[in-house]
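# Per-entry structural report
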Amino acid sequence: MKKFNSLATMLKKSILCWLALSPLIVVVLFPFAVMIATALKPAAEVLSADPSWLPSRIAWENFVTMWQATDFGTALLNSLYAATLATLLALAVSIPAAYAMSRYRSPGQGLYRDFLLITQMLSPIVLVIGLFRLVAWLGLVGSVDSLVLVYAGFNIAFAVWMLQSYFATIPLDLEEAAWLEGASRFRTVIRVFLPLAAPAMVVTAIFTFINAWNEFAVALSLLRAPETHTLPIKIFSLVAGRYTIEWHHVMAATFLATIPVAIVFAWLQRYLVRGLALGAVK
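So, here's what we can say about the structure. All chains use their own residue numbering, which begins from 1 and follows the written sequence. Local features in this predicted model are restricted to residues of pLDDT 70 or higher, and side-chain atom pairs are both shown and tallied only at a pLDDT of 80 or more, whereas totals for entire chains, interfaces and linings draw on every residue. Only hydrogens and water are set aside when side-chain values are computed; all heavy atoms of the structure are taken into account.

### Observations concerning the overall build of the protein
Secondary structure is summarised from DSSP: a helix means a run of H or I of at least four residues, a strand means a run of E of at least two, and numbering begins at the N terminus for each. Scanning the protein from N- to C-terminus turns up 13 helices and zero strands. Along the protein, helices (α) and strands (β) appear in the sequence α-α-α-α-α-α-α-α-α-α-α-α-α when read from the amino end. Only protein chains enter the calculation, and the probe is 1.4 Å; a residue is then buried if its accessible area is under 20% of its type maximum, exposed if over 50%, and partly exposed in between. Taken across its 282 residues, the protein has 37% of its residues classed as buried. Whether two residues are in contact is decided by their heavy atoms: any pair within 4.5 Å suffices. Taking the contacts inside the protein whose residues are at least 6 apart along the sequence as the reference set, 73% of them involve residues at least 24 apart. When the accessible surface of the protein is totalled, it reaches about 16900 Å², and 72% of it is carbon and sulfur. For the accessible areas, the method is Shrake-Rupley and the probe is 1.4 Å, while residue cover comes only from the protein chains on display.

Set out below in C-alpha cells:
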C-alpha cells in the first residue's frame, strides 16, 4: 500500500509538471507544426482564401519539385561538409588546449577563460569585413573550405571554455594511477582520460556542429556561386528577391534542413545527458 501511494504521488507530480510545461511545449512546437503542415499541402491550398490546418491530401511532390528546382542536394552536402570538418577541426585544437588548462596552472589563467567567454559575445556580422579580407588574402573566397576555417575559428574559443570546465571534474588520481603502472602521459590521455571525457566532447561537438550548420551571415558574404551555397543561403534564396514565394517549397526545404540535426541529437542523446550532468557536478 505504501509503495502504491508513493507511485501515485510521483504520477501526480509528473502530470502537474507536464500541465505546467504544456504552454511552453505548444509555443515551441507550433512553428514546427505550421512548417510540416505547409510543406505537405498542395500548392493551391497554401494561399487559399479559406486556409485549413490539415491538407486535403499529402503532397509529397512538394519535396521532389523543391529538390530538383533548387539543387537542394548540393547545398545539403556543402552544409554537411562545412559543419562536420569545422567541428572536427575545432575539437582537434580545443581538446589539447582544454586539457592543458585543466591540468596545469599558469598566471592569468582565469582572465584567459573570461576572455574566451567574452569572445562569444561578438556577433559574426561585426567581423565580416575583416574575415572577408583575410579569406581573400588566402584566396579562398567562394570556396566552402573558407567556411570550414572560419567556423572552426569561431567555435574553438567556445569549445575550449566548455571542455575545460568538464575536464576539471575528472579526477587526476585516475591518471596518476596509470602513470604508476608505467603508462606514458600520451597513452594515459588516450586510454584513460579521453574515454571518461567522451560525453563532454560529444556535447561540445553537438553545439559546435549546430552553430556551423545554422550560420548564415558569414556564408552569405564569402560564397558566390550557387553550387557552393549552404542550406541557410539556399532557403534564403527561396524567399529573397521573388515576386511570388512558393511557401510549400520553402517549408519543405526548411523541414529537410532540420532532419540532420534531429538525427544527430537522437543518435547522441545519451551522451548529451551524461555530458550536461558532468558539467553540473563542478
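### Digging into the environment of Ala 75
With respect to the helices, strands and loops of the structure, Ala 75 is situated in helix H4 (residues 72-103). For the pair Ala 75 and Leu 231, spaced 156 residues apart in sequence, the C-alpha separation works out to 5.2 Å. Residue contacts for Ala 75: discarding those within four places in its chain leaves His 229, Thr 230, Leu 231 and Lys 234.

### Comments concerning the nonpolar core
We call a set of buried Ala, Val, Leu, Ile, Met, Phe, Trp, Tyr and Cys residues a nonpolar core when their side-chain atoms join them within 4.5 Å. Among the nonpolar cores identified, the biggest contains 42 residues, and Phe 72, Leu 147, Val 150, Tyr 151, Trp 213, Val 218 and Leu 231 are the most heavily contacted of them. With seven residues, the single largest contributor to this core is helix H12 (residues 247-267). Core analysis: the next-biggest nonpolar cluster, separate from the first, contains 17 residues, Leu 163, Phe 167, Ala 200 and Val 203 among them.

### Focus on the packing of aromatic side chains
The way to describe two aromatic rings as a pair is by their centre distance and the angle between their planes. Pairing of aromatic side chains here covers Phe, Tyr and the six-membered ring of Trp, requires ring centres within 6.5 Å, and sorts the geometry by plane angle: under 30 degrees stacked, over 60 edge-to-face, intermediate tilted. Per the counting criterion, the structure on display carries eight aromatic pairs. Pairing Phe 209 with Trp 213 gives two aromatic rings, centres 5.6 Å apart and planes at 20 degrees, and the pair type is stacked. Of this pair, Phe 209 and Trp 213 both sit in helix H9 (residues 185-214), four residues apart, which is roughly one turn of the helix. Like Phe 209, the residue Trp 213 is buried in the burial classification. By way of ring pairs, the aromatic residues Trp 60, Phe 63 and Phe 255 are connected into one cluster.

### Structural notes on the packing of helix H5 (residues 109-119) against helix H7 (residues 144-167)
For the pair H5 and H7, the least separation of the axes is 8 Å and the interaxial angle reads 130 degrees. Overall, the two elements H5 and H7 adopt an arrangement that is oblique. Regarding H5 and H7, the two cross each other, and that crossing is left-handed. Between H5 and H7, the residues in contact are Gln 109, Arg 113, Leu 116, Leu 117 and Thr 119 and Ala 157, Val 160, Trp 161, Gln 164 and Ser 165, respectively. Here the term charged refers only to Asp, Glu, Lys and Arg, the term nonpolar to Ala, Val, Leu, Ile, Met, Phe, Trp, Tyr, Cys and Pro, and the term polar to all other amino acids, Gly among them. Looking at the contact of H5 with H7, its residues break down into five nonpolar, four polar and one charged. To obtain an axis, a line is fitted to C-alpha atoms, over the contacting stretch when the element is a helix, and the angle between two such axes runs from 0 to 180 degrees between their N-to-C directions. Working definition: roughly parallel below 35 degrees, roughly antiparallel above 145 degrees, roughly perpendicular at 65 to 115 degrees, and oblique for all remaining angles. We call a crossing left-handed when the near helix sits turned anticlockwise from the far one by less than a right angle, and right-handed when that turn is clockwise.

### Quick look at the side chain of His 249
Within the secondary structure, His 249 is located in helix H12. By relative accessible area, His 249 is classed as buried at 11%.

### Description of H4
Expected span of a helix, by definition, is 1.5 Å for each gap between consecutive residues, and there is one gap fewer than residues. Over its 32 residues, H4 runs 46 Å from end to end, which matches the ideal 46 Å to within 8%, given 1.5 Å per residue. The angle between axes fitted to the seven-residue stretch ending at a residue and the seven-residue stretch beginning at it gives the bend at that residue. The largest bend in H4 is about 30 degrees, located at Ser 94, with the proline Pro 96 one to four residues further on.

### So, unusual backbone geometry
The backbone phi angle of Asp 71 is positive, close to 55 degrees, even though this residue is not glycine. Tracing the backbone through its elements, the reader meets Asp 71 in the loop between helix H3 (61-70) and H4. Assessed through its relative accessible area of 39%, Asp 71 is described here as partly exposed.

### Describing H7
Between its terminal C-alpha atoms H7 stretches 32 Å, which fits the 34 Å expected from 24 residues at 1.5 Å a residue. If you look at H7, its biggest bend is around 35 degrees, right at Asn 155. Within H7, 18 of the 24 residues are buried, which leaves the element mostly enclosed by the surrounding structure. Counting of polar contacts relies on pairs of N or O atoms within 3.5 Å, with two restrictions inside protein: one atom must be capable of donating a hydrogen and the other of accepting it, and residues adjacent in sequence are counted only when both atoms are side-chain atoms. Its side-chain oxygen 3.2 Å from the backbone nitrogen of Asp 145, Ser 143 forms the N-cap of H7.

### Structural notes on the environment of His 229
As for its position among the elements, His 229 is in the loop between helix H10 (217-222) and helix H11 (231-237). Remark: the alpha-carbon pair of His 229 and Gly 142, spanning 87 residues in sequence, is separated by 9.1 Å. Every residue in contact with His 229, bar those within four places of it in the chain, is listed here: Ala 75, Asn 78, Leu 223, Arg 224 and Lys 234.

Functional significance is not addressed by these values, which are geometric in nature.
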